[in-house]
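# Residue-level structure breakdown
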Amino acid sequence: MTTGAPPPNRTARPRRSGPLRFLPLGIAAWLVLEIWLLTVVAGATSGLVVFLLLVAGLVLGSAVIKRAGRRAFRKLSEAVQQQQSGVTPTAEPAGGGGALTMLGGLLIILPGLISDAIGLVLLIPPVQKALGRYAERTFERKVRESSPGGLGDAFQQARMHRPDGKVVQGEVIRDDEPGARTPRPDDPQLPR
């Protein structure tokens, strides 16, 4: 029994961008490098030293994440209290310190010496400020490039997915806007 609609076209998966295509290979290379470095350090010292380094990383990373979480919760509580009292919450300076501190703690927790080194570098305040500013500029640039008129135009566009898999772009027209067209019953564009 058929419904009259043609079967949906099976399109190929969209191609990944360059960095995403090589991400699994990069993760595998990083894991191999971490294991190799741990065996080199174990051969130069002893297995006990490597074990103590890994446990110290676990304890230090946990403490960093716990401290950053408490600080973030305290800032959130202060902002909520300020807003409830009618005071505009003070804007936090750009830098993304809390998120980068938590990321640094997470990298320290992961077993491996390279991740520990990167995590420790992320805990340095000037590095946090520089990375935070870079991330903010990149995000703002991506938002500006996403649509010519900004996010307002992006929300005005609508897409209707048809049963055959085609996407039809259109514009949303609201009835509450002045000058909006009111449909008539004999309008040929309305479905019957």
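Residues numbered from 1 in each chain as written. Predicted model: local features only at pLDDT ≥ 70, side-chain atom pairs only at ≥ 80, totals over all residues. Heavy atoms only, no water.

Before going further, it helps to examine the overall build of the chain. When its secondary structure is counted, the chain shows seven helices and two strands. In sequence order, the secondary structure elements of the chain are arranged as α-α-α-α-α-α-α-β-β. When each of the 192 residues of the chain is scored for burial, the buried share is 13%. Considering only intrachain contacts with a sequence separation of at least 6, the fraction spanning at least 24 residues in the chain is 46%. (Helix = DSSP H or I, 4+ residues; strand = E, 2+ residues; numbered from the N terminus. Buried < 20%, exposed > 50% of the residue type's maximum accessible area, 1.4 Å probe, protein only. Contact = heavy atoms within 4.5 Å.)

Let's shift gears to a nonpolar patch on the surface. A surface patch of nonpolar side chains, amounting to about 490 Å² of accessible area, comprises L48, F51, L52, V55 and V59. Residue placement: F51 occurs in helix α3 (residues 47–84). (Patch = residues over 30% accessible without salt bridge, like charges linked within 9 Å, V, L, I, M, F, W, Y side chains within 5 Å. Areas by Shrake-Rupley, 256 points an atom, 1.4 Å probe, with all protein chains shown as cover. Salt bridge = Lys/Arg side-chain N within 4 Å of Asp/Glu carboxyl O.)

Let's shift gears to the packing of helix α2 (residues 23–44) against α3. Remark: α2 packs on α3, axes separated minimally by 7 Å, with the N-to-C direction vectors making an angle of 130°. The orientation of α2 with respect to α3, classified from their angle, is oblique. Residues L38, V41 and A42 of α2 touch α3, and the partners they reach there are G47, V50, L53 and L54. Its residues assigned to classes, the contact of α2 with α3 shows six nonpolar, one polar and no charged. (Axes fitted to C-alpha atoms, helices over the stretch in contact; angles between N-to-C directions. Parallel < 35°, antiparallel > 145°, perpendicular 65-115°, else oblique. Nonpolar A, V, L, I, M, F, W, Y, C, P; charged D, E, K, R; others polar.)

Once that is clear, we can look at helix α5 (residues 113–122). Among all positions in α5, only S115, D116, G119 and L122 are buried. When α5 is viewed along its axis, its buried side chains cluster within an angular range of 120° and face the same direction. (Arc of directions from axis to C-beta.)

Moving on to the side chain of D116. As for its placement among the helices and strands, D116 is situated in helix α5. Summary of buried charges: D116 has no salt-bridge partner, and the nearest side chain of opposite charge, R67, is 17 Å away. Setting aside chain neighbours within four positions, we find D116 in contact with L107, I108 and L110. (Lys, Arg positive; Asp, Glu negative; His and termini not counted.)

What follows concerns the environment of A68. Within the element layout of this structure, A68 appears in helix α3. Separated by 35 residues in sequence, A68 and L103 place their C-alpha atoms 9.9 Å apart. Contact partners of A68, with chain neighbours within four places excluded, come to G98, T101 and M102.

Note that E34 resides in helix α2. Of the residues examined, E34 reaches a relative accessible area of 3% and is grouped as buried. A polar side-chain atom of E34 sits 3.1 Å from the main-chain amide nitrogen of I114. The residues contacting E34, other than those within four sequence positions of it, are G112, L113, I114 and S115. (Polar contact = N/O pair within 3.5 Å; in protein donor to acceptor, adjacent residues only side chain to side chain.)

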